[in-house]
Amino acid sequence: MFTSVDDVSARLAETGYLASPAVATTVFLAARLGKPLLVEGPAGVGKTELAKAVARVTDARLVRLQCYEGVDESRALYEWNHAKQLLRISAGRDESWDEARTDIFGEEFLLPRPLLTAIRGDDAKVLLIDETDKADVEVEGLLLEVLSDFQVTVPELGTVTATRRPFVVLTSNASRELSEALRRRCLFLHIGFPEEELERRIVRLRVPDLDEALAGSLVRVVGALRAMELRKVPSVAETVDWARTLLALGADTLDEEVVRDTLGVVLKHQDDVLRAAAKLDLDTL
């Protein structure tokens, strides 16, 4: 997939994803070693976008499993098309059960979900298991066979083994601790908030029409907000949204009036807005 760490950085940058040396190195190693990549960090720092960027630069199909409380095998692995099976049984009333069973548990009646989809076929794929920490602990057991051997067992059909392994990215906001068995199968990468210079480059790349000086002021203000005790500090995605907001408003400076009127773009709780409005001193930034 990649020839070097520099190749990762350059190709991701072409898609608009500016990777730090740590990110580029870990992506290169995950691709070279064929290991899943577990990416942790706060929301909005580019964990999901990293998987999308890798899919774009490698011309691979993105297969996404969005995790949530209650996701189960039928949503993650596969399920059978029961309505179609019933129609098939009704159509063949003169058949014995053994004859019908052989037919209804075939490929025509199988509904593959993301994990099974990702390991079938010879095309290049990126498997994104998003917000893994939001799934129940039991779901991790479903992932172990896939991440260890890149295979899925369908009792009625047998074991499906990948002929071409997907590049796997698991993301987590660390809302709960993932099991050691799952972590052991992955390379680990933590993505935090970027340094000021990198974030300024991200803003300039995503919002190229924004004045460079204004972009610098914006990033410094966001850094000051992150230093406050807020319920939810601004993410990189919200920094970019704020930059687009300033551009849409035609603002050429980040003064107190503009900040006061647009804080709701980056802060999502009223008590955070009030605290920031009271403590933020633009003259010192």
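Reference entry: report on the structure contained in this document.

**Some points on the environment of Lys 35**
Thought 1: Of note, Lys 35 is situated in the loop between helix H2 (21-33) and strand S1 (37-40).
Thought 2: Between the C-alpha atoms of Lys 35 and Leu 198, which are 163 residues apart in sequence, the distance is 27 Å.
Thought 3: Non-local contacts of Lys 35, meaning those with residues more than four positions away in its chain, are made with Ala 30, Arg 184, Arg 185 and Leu 187.

**Brief notes about the packing of aromatic side chains**
Thought 1: Under the definition given, this model contains one aromatic pair.
Thought 2: For the ring pair Tyr 78 and Trp 80, a centre distance of 6.4 Å and an interplane angle of 80 degrees mean the geometry is edge-to-face.
Thought 3: Exposure remark for Trp 80: the relative accessible area of 8% places this residue in the buried category.
Thought 4: Sitting over the face of the ring of Phe 109, Lys 84 holds its NZ or CZ atom 5.7 Å from the ring centroid.

**Here's the deal with the pairing of strand S8 (residues 167-172)**
Thought 1: Counting buried residues in S8 gives six out of six residues, a clear majority hidden from the surface.
Thought 2: Of the two faces of S8, the one carrying Phe 167, Val 169 and Thr 171 and the one carrying Val 168, Leu 170 and Ser 172 are both buried.
Thought 3: Sheet topology places strand S5 (residues 125-130) next to S8; four bridges connect them, and they run parallel. Within the sheet, the bridge partner assigned to Ile 129 lies in S8 and is Leu 170.

**Some words on the packing of helix H1 (residues 5-14) against H2**
Thought 1: The geometry of H1 relative to H2 is characterised by a closest axis approach of 8 Å and an angle of 110 degrees between their N-to-C directions. One finds that H1 runs roughly perpendicular with respect to H2. In the packing of H1 onto H2, the handedness of the crossing is right-handed. Across from Val 5, Val 8 and Ser 9 in H1, the residues of H2 making contact are Ala 24, Thr 25, Val 27 and Phe 28.
Thought 2: In terms of residue class, the contact of H1 with H2 is built from five nonpolar, two polar and no charged.

**Observations concerning the pattern of salt bridges**
Thought 1: A complete count under the given rule lists 20 salt bridges for this structure.
Thought 2: With a closest N to O distance of 3.4 Å, Asp 123 and Arg 61 form a salt bridge. In this pair, Asp 123 sits in the loop between helix H7 (114-119) and S5 while Arg 61 sits in strand S2 (residues 61-66), placing the two residues 62 residues apart along the sequence.
Thought 3: Arg 61 sits in the partly exposed class, given a relative accessible area of 41%.

**Points about the sheet that holds S2**
Thought 1: Here we have five strands laid out as an open sheet, ordered S2-S5-S8-S1-S9, and parallel in their pairing. Of all the strands in the sheet, just S2 and strand S9 (187-190) have a single pairing partner and so form its edges. Strand after strand, the sheet turns through a mean of 20 degrees between neighbouring axes, direction not considered.
Thought 2: For S1 and S9, the ladder comprises four bridges, and the chain directions are parallel. Paired with Leu 38 across the two strands is Phe 188, which belongs to S9.
Thought 3: Helix-sheet contacts for helix H3 (residues 47-57) involve S1, S2, S5, S8 and S9, and the interaxial angle to S5 is about 170 degrees.

**Digging into the environment of Ala 276**
Thought 1: With respect to the helices and strands, the residue Ala 276 is situated in helix H14 (residues 270-279).
Thought 2: Owing to a relative accessible area of 0%, Ala 276 belongs among the buried residues under this scheme.
Thought 3: Spatially, the C-alpha atom of Ala 276 lies 23 Å from that of Ala 248, the residues being 28 residues apart in sequence.

Criteria and thresholds
Residues numbered from 1 in each chain as written. Predicted model: local features only at pLDDT ≥ 70, side-chain atom pairs only at ≥ 80, totals over all residues. Heavy atoms only, no water. Helix = DSSP H or I, 4+ residues; strand = E, 2+ residues; numbered from the N terminus. Contact = heavy atoms within 4.5 Å. Phe/Tyr/Trp six-rings, centres within 6.5 Å; stacked < 30°, edge-to-face > 60°. Buried < 20%, exposed > 50% of the residue type's maximum accessible area, 1.4 Å probe, protein only. Lys NZ or Arg CZ within 6 Å of the ring centre and 35° of its normal. Pairing = 2+ DSSP bridges. Axes fitted to C-alpha atoms, helices over the stretch in contact; angles between N-to-C directions. Parallel < 35°, antiparallel > 145°, perpendicular 65-115°, else oblique. Left-handed = near helix turned anticlockwise from the far one by under 90°. Nonpolar A, V, L, I, M, F, W, Y, C, P; charged D, E, K, R; others polar. Salt bridge = Lys/Arg side-chain N within 4 Å of Asp/Glu carboxyl O.

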